[in-house]
Amino acid sequence: MRDETVERLQRNSLQRNCWSAATLKVLSSMPSRTAGPNSAAVISRHDRNSSQLHRCQNSLKVYSQPSRTIQDNFVQADMEEISAEENKYEQLVSNLRGLSVSDCIRKLRATALSLKDKMEVRRLAFSDIAESSLISRNIPCYSRMKVYISRVSTTDCGMRNPLLFVHIGLKLMLCSPQTWRSCWFSCLSVLASLQLWHSPMKRLSGRFGTGVLSYFLFLRTLLLFNLLLFVTNGLFLVFPQAVNPPSPPPNGSPVNTFTGLELLTGTGYLSQSLMFYGYYTNTSIHTCRAADHESAGLPVCDIDKPQKVPYSIPAAYFLTIPIAFFIICIILVYSMSKSFGRSFQVLKSNGNLAVKVFCCWDFKVSKKTSVRLQSEKISTQLKELLSELIRGEDGKSCMQRFCHFMVHLVAWMICLVSVSLGTAAVHFLSENAIKQRSFEETELLLLSAVVSGVNLLLPGLFNLCAWIEKHDSPSVRVYVSIFRNLLLKVSIVAVLCFRWLGRIAVEPESLSLQCWETFVGQELYRLLLMDFVFTVLYTFLGEFLWRLFSKHVLKKNRKPVFDIARNVLELIYGQTLTWLGVLFAPLLPAVQIIKLFVLFYMKKNSLLLNCQASRKPWRASQMTTLFISLLCFPSFLGAAVSVTYAIWTTKPSSGCGPFRNLTTMYQSGQQWAQELKNSHPILSGLSWAYNSLLENPLVLFLATGVFLMVIYFQAQVVDGQKRIISRLEKQIENEGKDKKFLITKLQGLYEQGSLVSPHS
């Protein structure tokens, strides 16, 4: 109670209308957060100082029997202070007039003035320049050009006369650099609005928060990765093979007809298409032919001219996929480093809350729909920030903690047993199919259906365990669910990789497979499609029908909450299948692109129609970083290791594909480098670079080490920034307390002297 009374007395004594001139002088000489000492001495204007002088004179008249001499001394001190501050104010304006515009603005920003004072100083300092400059006019240069172009384009004579557009170009060239910079900044906002799914994501963020938004941002990131992979394979592998198709099969060979079922199984007509590995040849594309060779459509090579390097399909197949993986690895490492810097909070939650309350509204928003979306977004973000501030662990007794621990232990045991049983079922079905050598369409679809069914049912069991555990924080519940789903996906993918690379690739002859690479590509194609089918079924049955059942049967208006962990791990699972299958099905990224497009609109509409926001708002500050990390290390790293193992160790099929009659796929790169060196000695440097970079494992270890060091240093930089900002915040807080204490003491001494002086 005593502390509250002292604090209230200090606040009362710190009222500005009670400050004396000496107090103001001491306050102005104190160091500021944005400038050094004595830089705040020019903050007062003549009118404000006059009002302060008037208040000081009135305050001196309040006391009983004031001393005339003391009054005259204080009035004279105030007048001297006012004249000194006016001189400093005028000196600042004169100093700014002698500098360039950029230096003036830089110095003005470093001065501890209010925004109103800075505007006045800028107006006085730039009064001569503003009359002849385009910056100070009401309509800037690019706005004038926009109005002028619109007027010219609406007239017929303006559309017919090209000289008018030349005149417009000359006017644009006369614009100042500052105007071009303003035009560029205005264009940046337009470019930001042109991002893919920009408006729907703003709507989803406003209604459901940052957790749901992170899922759709992650989906868009995966779409861009697949687009990069599709463009790379399409330009350097698929398009050259499509232009030069292989020779047709002999007359006695059966011809596959398209029935439509191939779109689901990947067999039949699709097995002999650009989709799968077996269609690609081991030939080279030449621009001309030798005189003793007969080739339709190719001219005879001129011996006197240098010959062009033939385009080797095996070399393109071998180099395109590793290079694409290397580019994706660089992008992932860069995204992780940036995401670490954005996600880890370097400011306090209450500071973010103050910024969100006072500084987050965009006053350029004018449309009603935009205003509503902006209001919903700010409201949701404020709820998330407040949930962090009020969150705290309730005091629990030892018995309650023990019961809580036992519930967690039982839930984890149930989840681990269910993951083991599901993985064992997939392994048993796979081994049974290999032993019976049954590769009919129904048997092939059965394995994909079982894998997708396990991935559909077990996450529901995980959600039931999470509901029993009753986590205090929604974010902790999401992280636990993500880990359990990740354990399930990794186990199933590991069993499937053992099936493909440990059993089928080792003994394809015993399984009567002429092209085991095409068979593996078909299985990955079926798994990707079946995963999409089961996702559609879950969206319809688990969200839409459950909403109808809850509303009409249970008579509850409660909608389900969007399961972030489940949906994110489905995306990572599908992307892992795509990265594993790109070696055996080069066009598999195209299937993933179509799947992600359909999935975005399906999930968006289902979310808006069938789901509602969580009753416990929480802020997903590090959710995007977690998603990128899971995509990089378990998903991409596992797929890259599996593809590298298939290229370096497994034996290709002898009757199909670009690597036929070779010991390993890697051997094709060595042959291409040797042929390049023998036929074109000028390109021997390229052959040496290939042998030095790809055949030397030290380069791979060095690249991996560099990537890990980049991530480590970025994390350390973020941690250092957090510590520095924490110390600066503590220093600013201590400086504020010191100012408060000193000003209170100084004002108390001044008031005490004013009261004692009449009796002296």
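Note that the coordinates shown come from a computational prediction; the quantities given were computed from them, not determined experimentally.

With that settled, consider unusual backbone geometry. Here W197, not a glycine, exhibits a phi torsion of approximately 60 degrees, which is positive. Within the secondary structure, W197 sits in the loop between α11 (177–193) and α12 (198–208). Of the residues examined, W197 reaches a relative accessible area of 6% and is grouped as buried. The phi torsion at S512 lies on the positive side, around 60 degrees, for a residue other than glycine. Tracing the backbone shows S512 in the loop between α20 (474–504) and α21 (516–552).

Within this structure, the stated rule accounts for 22 aromatic pairs. Taken together, a centroid distance of 6.3 Å and an interplanar angle of 20 degrees make the contact between F216 and F562 stacked. Placement of F216 in helix α13 (residues 210–243) and of F562 in the loop between α21 and α22 (564–581) is noted, with a sequence separation of 346 residues between them. We note that F216, like F562, is buried. Sitting above the plane of the Y573 ring, K489 keeps its charged end 5.2 Å from the centroid. Sitting above the plane of the Y538 ring, R566 keeps its charged end 3.9 Å from the centroid.

On to the state of the cysteines, then. Linking two cysteines covalently through their sulfur atoms gives a disulfide. Throughout the structure, instances matching the rule amount to one disulfide. With a sulfur-sulfur separation of 2.0 Å, C515 is cross-linked through a disulfide to C656. Handedness of the C515-C656 disulfide follows from its S-S torsion of about 90 degrees: it is right-handed. Taken together, the residues span a long stretch of sequence, with C515 in the loop between α20 and α21 and C656 in the loop between α24 (623–648) and α25 (666–679) at a distance of 141 residues. In terms of burial, C515 and C656 fall into one category: buried. No disulfide involves C415; its sulfur sits 3.9 Å from the nearest other cysteine sulfur, which is in C465. Relative accessible area serves as the criterion here: at 3%, C415 is assigned to the buried category.

What counts, and where the lines are drawn
- Residues numbered from 1 in each chain as written.
- Predicted model: local features only at pLDDT ≥ 70, side-chain atom pairs only at ≥ 80, totals over all residues.
- Heavy atoms only, no water.
- Helix = DSSP H or I, 4+ residues; strand = E, 2+ residues; numbered from the N terminus.
- Buried < 20%, exposed > 50% of the residue type's maximum accessible area, 1.4 Å probe, protein only.
- Phe/Tyr/Trp six-rings, centres within 6.5 Å; stacked < 30°, edge-to-face > 60°.
- Lys NZ or Arg CZ within 6 Å of the ring centre and 35° of its normal.
- Disulfide = S-S within 2.5 Å.

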